[in-house]
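Fold and geometry: a report
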Amino acid sequence: RAPQLTALGACQQQQQQSASGLSEAARRRAEQELGETPETRSAALSALRSAIQSDATMRCRTDDAFLLKFLRHRKFNVDGAHKRIRAYLRVRRKFPDVFDDYGPAGVRPVLEDGVLVVLPHRDGEGRRIVLYRLGLWDCAKYSSTELVRATCVVMEALLEEEDTQVCGVSVVLDMSGLALRHIRRLDLRYFRRYRAVVHKALPVRVCALNVVRGGRFFNTTCRVASALLPSKLADRVHNHGDDVAALHACVPAALLPPEPPFHGCLAVQLPLTPFYHQLMSGHWTEWFGQNSLQCINDDESGSGD
């Protein structure tokens, strides 16, 4: 069996205190919704670490920071967290093109074009707000596979924030400017990859999906997506159309940029928000490089358990 990874988690391994880095509001939410206490956290970390060390098929991190993401996602069910980690590692082998050049540099065009933007402030539920502006997608520059890659890179970086592990993300999907050239590329292959990687492998909670400016293509796209995305997420979709007031009822105007169709009052320069500049730092380049050294060797070809 390959030795455990040490370079990436060296600092965390030196601080194996099972201490929480959550804000007070997120700590209360974690206790109420996930059953997380110092005692349950410590016991679950120990059990999950032991399970991974006993799993001869995995070359995997065992530091607290890595394991906690999966434990929180599975509400501290150790077996469920172990299975999720296996799925997280397995999709890298199943979809090698998604994970080719996997890191900030490999998704820079998508982020610089503003297709995917992380806003600077959390909402009242502690969730990160992510804008997905498909109408800005330049199909000649990057493929739908690269959109999936960009989503994964952004979500992985956000999941290093402990509050995001607990509170999740709220997505605002702006479909203004969506054209037939986009729809043709948002095919079954795209949605299957998105579902397998983002919703079956990454330990991320997508708590809300607010759709604006759906236009005439929305119903077609929605029918395809609804058939392939988890039913729990489908239930969290809110189609606001052109109703700005309805959007602001779900995502306050104070948190949204002034550009149409958001019509918010947040003073922020899109697309290069503070998150973008942080993601392009050398720290994240090294983080993704080290994190990608993890792997699994088994006979299963599925994308998740």
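Please read these numbers as outputs of a predicted model, since none were measured by experiment. (Residues numbered from 1 in each chain as written. Predicted model: local features only at pLDDT ≥ 70, side-chain atom pairs only at ≥ 80, totals over all residues. Heavy atoms only, no water.)

**Concerning the environment of glycine 80**
- Within the element layout of this structure, glycine 80 appears in helix α5 (residues 78–94).
- Each C-alpha atom of the pair glycine 80 and phenylalanine 70 lies 8.4 Å from the other, and the pair is ten residues apart in sequence. (Helix = DSSP H or I, 4+ residues; strand = E, 2+ residues; numbered from the N terminus.)

**What about the pattern of salt bridges?**
- The final tally for this structure, using the stated rule, is 22 salt bridges.
- Between aspartate 55 and arginine 86 there is a salt bridge, with its nearest N and O atoms 2.8 Å apart. Pair noted here: aspartate 55 is in the loop between α3 (38–53) and β1 (58–59) and arginine 86 is in helix α5, with a separation of 31 residues, a long-range link. The residues aspartate 55 and arginine 86 share a single accessibility class, namely buried.
- Where arginine 72 meets glutamate 162, a salt bridge forms, and the shortest distance between an N and an O atom there is 2.7 Å. With arginine 72 in helix α4 (residues 64–73) and glutamate 162 in helix α8 (residues 162–167), this pair connects stretches of sequence that are 90 residues apart. (Salt bridge = Lys/Arg side-chain N within 4 Å of Asp/Glu carboxyl O. Buried < 20%, exposed > 50% of the residue type's maximum accessible area, 1.4 Å probe, protein only.)

**Some thoughts on the side chain of aspartate 163**
- Position of aspartate 163 among the secondary structure elements: in helix α8.
- Summary of buried charges: aspartate 163 has no salt-bridge partner, and the nearest side chain of opposite charge, arginine 122, is 4.7 Å away.
- When neighbours within four sequence positions are excluded, aspartate 163 is seen to be in contact with Leu22, Ser23, Ala26, Arg122 and Gly168. (Lys, Arg positive; Asp, Glu negative; His and termini not counted. Contact = heavy atoms within 4.5 Å.)

**Remarks on the nonpolar core**
- One finds Ile85, Leu111, Tyr132, Leu147, Leu158, Tyr190 and Leu279 to be the most contacted residues of the largest nonpolar core, which totals 76 residues.
- A per-element tally of this core places helix α7 (residues 144–158) first, with nine residues.
- With near-sequence residues (within four places) excluded, leucine 158 lies in contact with Val118, Arg128, Val130, Thr164, Val169 and Phe275.
- Within the second largest apolar cluster, 14 residues are counted, among which are Ile129, Val212, Val251 and Leu255. (Core = buried A, V, L, I, M, F, W, Y, C linked by side-chain atoms within 4.5 Å.)

**Focus: unusual backbone geometry**
- Here the bond from proline 260 into proline 261 is cis, since omega is 5 degrees, no more than 30 degrees from zero.
- Tracing the sequence through the fold places proline 261 in the loop between α13 (244–250) and α14 (274–279).
- Cis geometry marks the peptide bond from leucine 270 to proline 271; its omega dihedral reads 5 degrees.
- Of note, proline 271 is situated in the loop between α13 and α14.

**Points about the environment of asparagine 210**
- Summarising the element assignment, asparagine 210 is placed in strand β5 (residues 206–212).
- Distance from asparagine 210 to valine 237, taken between C-alpha atoms, is 6.0 Å for residues 27 residues apart in sequence.
- When neighbours within four sequence positions are excluded, asparagine 210 is seen to be in contact with Ser170, Val171, Val172, Leu173, His238, His240, Leu247, Cys250 and Val251.

**Looking at the confidence of the model for the chain**
- Averaged over all residues, the pLDDT of the chain equals 87, while 84% of them reach at least 70.
- Here residues 1–18 scores under 50 on pLDDT; set against residues more than four positions off or in separate chains, the count is 37 contacts. (pLDDT = per-residue confidence, 0-100.)

**Structural notes on the side chain of lysine 69**
- Looking at where lysine 69 falls in the secondary structure, it is placed in helix α4.
- A polar side-chain atom of lysine 69 sits 3.0 Å from a polar atom in the side chain of glutamate 160.
- Beyond its immediate stretch of four places on either side in the chain, lysine 69 contacts Leu159, Glu160, Gln165, Pro203 and Trp287. (Polar contact = N/O pair within 3.5 Å; in protein donor to acceptor, adjacent residues only side chain to side chain.)

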